[in-house]
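Residue-level structure breakdown
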Amino acid sequence: MEHQDTHSLVPRRGLVLVTGAGGQLGEALCEAFADREVAPLRRADWDVALPPPPSLPTPALVLHAAAWTDVDAAEDDPQGAAAVNVGGTQHAAGLGAPLVTFSTDYVFDGRQRRPYVESDGPAPLSVYGRTKLLAEAAAGDDAWIVRTSWLYGPTGTNFVRTMLRLGAERDEVAVVDDQRGCPTYVGHLAAAVRTLVDLDLPRGIWHLAADGECTWAEFAEAIFSAAGLACRVRRIASEELGRPATRPAYSVLRSGRRGAPRLPHWRDGLQACLDRLRVD
Ligand SMILES: NC(=O)c1ccc[n+]([C@@H]2O[C@H](COP(=O)([O-])OP(=O)(O)OC[C@H]3O[C@@H](n4cnc5c(N)ncnc54)[C@H](OP(=O)(O)O)[C@@H]3O)[C@@H](O)[C@H]2O)c1
């Protein structure tokens with residue numbers, strides 16, 4: 001995927017337009033670019049499945065974090081998911097500014113047992129994964145396509161917040177132990193995106209996920225331990241959970257690209273998230 005980059009420098013000034021600004025990553029991106037002029041757009045400002053409203057200001061940079069992220073619901077509404085993920089990315093690219101768009105470890109089938117790098121071939125198992133792969137193709141030439149995984153942060157719906165709630169209510173939770181990946185803290189991802197942009201690294205696909213790897217069950221145990229919750233984790237197989245969408249069994253992402261920003265270990269991300277939750 002690495003290619004000779006012939007793009008002009010990204011303007012260091014000018015408007016940074018953030019789609020999905022109310023989402024967990026969108027919020028972290030707004031914070032990471034807070035020293036610049038930022039236009040945070042929510043769904044009410046622009047439904048990205050539709051062409052942009054004429055009133056939209058001209059951006060110098062677009063951070064496209066809006067997406068259909070309900071992996072299971074996408075199985076029942078592939079067209080709806082594609083309209084947001086593929087159509088939305090096409091519309092964001094059509095704004096004509098350099099674009100950062102986000103993709104997923106779910107573009108891989110998980111059969112590999114070594115970390116996936118940018119040059120590995122995608123083969124999504126789910127509707128969501130397929131729409132995100134098509135979205136990569138829709139991002140155009142002037143885009144950084146950031147593949148990341150297992151996102152969580154202090155806001156929104158995510159695994160860490162769900163486990164903190166369940167862990168306070170129950171003695172035991174059942175968590176899958178046959179999917180291995182990199183739980184990534186949105187604050188660390190947003191900082192790495194800032195590096196991509198500020199260093200004007202070449203466009204194309206970049207794998208940006210937390211260092212280290214674990215299963216969801218191991219992650220849950222780390223959450224309970226770090227939060228001082230006595231809840232036990234019962235390790236189960238994905239089959240037992242019976243979710244509509246198939247997830248890859250192994251989707252550890254690493255970058256094989258020169259100069260790739262390196263994210264902190266997922267345990268440091270977890271700590272940063274918990275510290276943030278204590279302050280907020
Ligand atoms: N979450 C993960 O584990 C994960 C892993 C890998 C990659 N990613 C990718 O990372 C990016 C950010 O994900 P996230 O975790 O921040 O997701 P999120 O918290 O679900 O945020 C997505 C945002 O997009 C908005 N949105 C949905 N449909 C929209 C539409 N038609 N028009 C405008 N806005 C719309 C949502 O608004 P509403 O609240 O109104 O629905 C929400 O604010 C996405 O591209 C996602 O595919 C996520």
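Residues numbered from 1 in each chain as written. Predicted model: local features only at pLDDT ≥ 70, side-chain atom pairs only at ≥ 80, totals over all residues. Heavy atoms only, no water.

Neighbouring the ligand are 23 residues; Arg43, Asp47, Thr69, Tyr128 and Lys132 lie closest to it. Take glycine 23: an N or O atom from its main chain is 3.1 Å from an oxygen atom of the ligand. Between the ligand and arginine 43, the relevant distance is 2.7 Å, taken from an oxygen atom to a side-chain nitrogen or oxygen of the residue. Those elements that place two or more of their residues in the shell around the ligand are helix 1 (24–32), strand 4 (99–104) and helix 4 (127–138). (Near = heavy atom within 4 Å. Polar contact = N/O pair within 3.5 Å; in protein donor to acceptor, adjacent residues only side chain to side chain. Helix = DSSP H or I, 4+ residues; strand = E, 2+ residues; numbered from the N terminus.)

Attention shifts here to helix 9 (residues 266–279). A rise of 1.5 Å per residue sets the reference length of helix 9, with its 14 residues, at 20 Å; its end C-alpha atoms lie 20 Å apart and thus fit the reference within 8%. Taken together, the buried positions of helix 9 are Trp266, Gly269, Leu270, Cys273 and Leu274. Considered in projection along helix 9, the buried side chains sweep an arc of 130° and stay on one side of the axis. Turned more than 90 degrees away from the buried face of helix 9, the exposed residues are Arg278 and Val279. (Expected span 1.5 Å × (residues − 1). Buried < 20%, exposed > 50% of the residue type's maximum accessible area, 1.4 Å probe, protein only. Arc of directions from axis to C-beta.)

On to the packing of helix 7 (residues 216–227) against helix 9, then. Remark: helix 7 packs on helix 9, axes separated minimally by 11 Å, with the N-to-C direction vectors making an angle of 45°. Between helix 7 and helix 9, the crossing angle belongs to the class labelled oblique. Like other packed secondary-structure pairs, helix 7 and helix 9 cross with a definite hand, here right-handed. On helix 9, the residues that touch Phe219, Ala222, Ile223, Ala226 and Ala227 of helix 7 are Trp266, Arg267, Leu270, Gln271, Leu274 and Arg278. (Axes fitted to C-alpha atoms, helices over the stretch in contact; angles between N-to-C directions. Parallel < 35°, antiparallel > 145°, perpendicular 65-115°, else oblique. Left-handed = near helix turned anticlockwise from the far one by under 90°. Contact = heavy atoms within 4.5 Å.)

Most of strand 4 sits out of view: six of its six residues are buried. What you see with strand 4 is no split at all: Leu99, Thr101 and Ser103 on one side and Val100, Phe102 and Thr104 on the other are buried throughout. Where strand 4 meets strand 5 (residues 143–148), six bridges bridge the pair, whose relative direction is parallel. Within strand 5, the residue paired with leucine 99 across the bridge is alanine 143. (Pairing = 2+ DSSP bridges.)

So, on to the packing of helix 3 (residues 78–93) against helix 4. As a packed pair, helix 3 and helix 4 sit with axes 9 Å apart at the nearest point and diverge in direction by 20°. In this view, helix 3 runs roughly parallel relative to helix 4, as classed from their interaxial angle. In this structure, helix 3 crosses over helix 4, and the sense of that crossing is right-handed. Here helix 3 contributes Pro78, Ala81, Ala82, Asn85, Val86, Thr89, Gln90 and Ala93 to the contact with helix 4, which in turn contributes Val127, Tyr128, Thr131, Lys132, Leu134, Ala135 and Ala138. Each residue belonging to the contact of helix 3 with helix 4 can be placed in one class, and the counts come to ten nonpolar, four polar and one charged. (Nonpolar A, V, L, I, M, F, W, Y, C, P; charged D, E, K, R; others polar.)

To continue, consider the pattern of salt bridges. Counted according to the given criterion, the structure contains 20 salt bridges. Measuring nitrogen to oxygen at the nearest pair gives 3.6 Å for the salt bridge that ties glutamate 172 to arginine 232. Taken as a pair, glutamate 172 in strand 7 (residues 172–176) and arginine 232 in strand 12 (residues 232–236) lie far apart in primary sequence, 60 residues in all. Measuring nitrogen to oxygen at the nearest pair gives 3.7 Å for the salt bridge that ties arginine 254 to aspartate 211. Placement of arginine 254 in the loop between helix 8 (238–241) and helix 9 and of aspartate 211 in the loop between strand 10 (204–207) and strand 11 (214–215) is noted, with a sequence separation of 43 residues between them. (Salt bridge = Lys/Arg side-chain N within 4 Å of Asp/Glu carboxyl O.)

Position of threonine 148 relative to the elements: it lies in strand 5. Reaching out from threonine 148, the side chain makes a polar contact with the backbone oxygen of leucine 208 at a distance of 2.8 Å. When near neighbours in sequence (up to four residues on either side) are disregarded, threonine 148 contacts Ser103, Thr104, Asp105, Thr184, Leu189, Leu208, Ala209 and Leu253.

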